[in-house]
Amino acid sequence: QRHLLGIEPLRPDEITALLDLSDKYVTLNRARDKRSTTLSGLTQINMFFENSTRTQASFELAGKRMGADVMNMSMQASSIKKGETLIDTAMTLNAMHPDLLVVRHPHSGAVDLLAQKVNCAVINAGDGRHEHPTQALLDALTIRRAKGRLHRLSIAICGDIAHSRVARSNIMLLGKMENRIRLVGPATLMPAGIRDLGCEVYEDMNEGLQDVDVVMMLRLQKERMDGGFIPSEREYYHRYGLDAEKLARAKPDAIVMHPGPMNRGVEIDGTLADDINRSVIQEQVEMGVAVRMAVMDLLARNLRARPKEVLV
Ligand code: CP
């Protein structure tokens, strides 16, 4: 692949190869000397048009550990604020010969559009409700390391499915790897046609969590609810917030995941989120750096194999 825009085009064997490479980067990241020269001589630009802690920090660390020249564009201080379009901004940066562009944007499809206009590799760091491919890959790596496999698991994805690019990418990835996926949440937060994706749908949390291996909680994304139904946090926590009582329905060794940022006391009980016997939330963050290193490593191999394109 030239870019990583989503999980949709990836084959199961490509996902497995990427996770195998990520495992090697986990080992490197745990070593005293974390440096490699994989991206040496390459320029990586991070363009985040939406807030981020985990994704931006891990892409920056990943690039620096692999020897790239990394630039974080401050979109708040850029000429976007003067009315410059996304495409003009991308073309401007493209003229400076970057090799890797990491882009997060609030509009679904914006990163795909940008990828068509530049002649470097583009990585989708989350576009609207569409996809967040590196999140799904890091979630997959976390599950594989915790459970010893990434197939024939029963996985509950719970909460605000409708607004979640994390859910969308995870449904595709975990489905390709032949897992059983349950979507649990209020009908108002389920996207139309969700059953077509081959998932089971539950409105009742206790039913949805019965005997699952993995419980993946999602953030209630109020910023994307644009005037639609917004549940009261108190009522939502009562019905859909994960606590020890609801988790007791899952298998005794079920793991608890959350992509972050978390709303403690809204979608998850804070004590449970911090319980190192059940929660793998910190492992997810750790896997994020390794997966992003593996993604950029593979894209850089492709870049180096292609003849340099003439600037258009
Ligand atoms: N999971 C995730 O994308 O977190 P950030 O918004 O902090 O990057």
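This is a predicted model, so every value here is computed, not measured.

Caption draft 1: Representation of the site of the ligand in the model. The ligand sits among Ser52, Thr53, Arg54, Thr55, Arg104, His132, Gln135, Pro259 and Gly260. Contact distances for the ligand include 2.9 Å between an oxygen atom and a side-chain N or O atom of Arg104. Contacts to the ligand include His132, whose side-chain N or O atom sits 2.9 Å from an oxygen atom. Within the complex, 91% of the 260 Å² of free accessible area of the ligand lies under protein. Residues that form the shell around the ligand fall into these classes: 1 nonpolar, 6 polar and 2 charged.

Caption draft 2: Layout of the nonpolar core. The biggest cluster of nonpolar side chains holds 61 residues, and the ones touching the most others in it are Ile123, Leu137, Ile143, Ile157, Leu173 and Leu183. The element contributing the most residues to this core is helix α11 (residues 281-305), with 11 residues. Those residues within four positions of Leu173 in sequence are excluded, and the remaining contacts are Ile7, Ile15, Ala136, Leu137, Ala140 and Leu150.

Caption draft 3: Spatial organisation of the UniProt feature "binding site: L-aspartate" (unreviewed entry) in the chain. Sites flagged by UniProt as "binding site: L-aspartate" (unreviewed entry) map to Lys82, Arg165 and Arg219. These annotated residues cover 138 residues of sequence, and their C-alpha atoms reach 32.0 Å apart at the extreme, placing them across more than a single site. Mapped onto the elements, Lys82 comes out in the loop between β2 (69-73) and α3 (86-94). Among the secondary structure elements, Arg165 is positioned in helix α6 (residues 165-176). Under the relative-accessibility criterion, Arg165 is labelled buried at 7%.

Caption draft 4: Structural detail: the sheet that holds strand β8 (residues 214-217). Read from one edge of the open sheet, 5 strands run β7-β6-β5-β8-β9, paired in parallel fashion. Edge positions in the sheet fall to β7 (200-202) and β9 (255-257), since each has one partner strand and no second. Averaged over all pairs of adjacent strands, the angle between their axes in this sheet comes to 20°, without regard to strand direction. Note: β8 against β9, 3 bridges, orientation parallel. Bridge pairing in β9 places Val215 opposite Val256.

Cut-off values and rules
- All chains use their own residue numbering, which begins from 1 and follows the written sequence.
- Where local features are concerned, this predicted model is filtered to residues with pLDDT of at least 70; where side-chain atom pairs are given and counted, the filter is 80 or more; whole-chain, interface and lining totals use all residues.
- Values shown for side chains rest on all heavy atoms present in the structure; no hydrogens or waters enter the calculation.
- Definition of nearness: a residue and a molecule or strand are near each other if at least one heavy atom of the residue lies within 4 Å of the molecule or strand.
- By the criterion applied in these results, polar contacts are pairs of N or O atoms within 3.5 Å in which, for protein atoms, one can donate a hydrogen and the other can accept it, and in which residues neighboring in sequence qualify only through two side-chain atoms.
- For the accessible areas, the method is Shrake-Rupley and the probe is 1.4 Å, while residue cover comes only from the protein chains on display.
- In this classification, the charged set is Asp, Glu, Lys and Arg, the nonpolar set is Ala, Val, Leu, Ile, Met, Phe, Trp, Tyr, Cys and Pro, and all remaining amino acids, among them Gly, are polar.
- Among buried residues, those of type Ala, Val, Leu, Ile, Met, Phe, Trp, Tyr and Cys that are joined through side-chain atoms within 4.5 Å constitute a nonpolar core.
- Only protein chains enter the accessibility calculation, which uses a 1.4 Å probe; a residue whose area is less than 20% of its type maximum is buried, one above 50% is exposed, and one in between is partly exposed.
- Strands are runs of DSSP state E lasting at least two residues, helices are runs of H or I lasting at least four, and both sets are numbered from the N terminus onward.
- By the convention used here, residues are in contact when the closest approach between their heavy atoms is within 4.5 Å.
- UniProt positions are given in the numbering used here, feature names are shortened, and annotations may be inferred rather than shown by experiment.
- One bridge is not enough; two strands pair if DSSP finds at least two bridges between them.
- Axes, fitted as lines to C-alpha atoms, cover a helix only where it is in contact. Angles between the N-to-C directions of the axes lie from 0 to 180 degrees.

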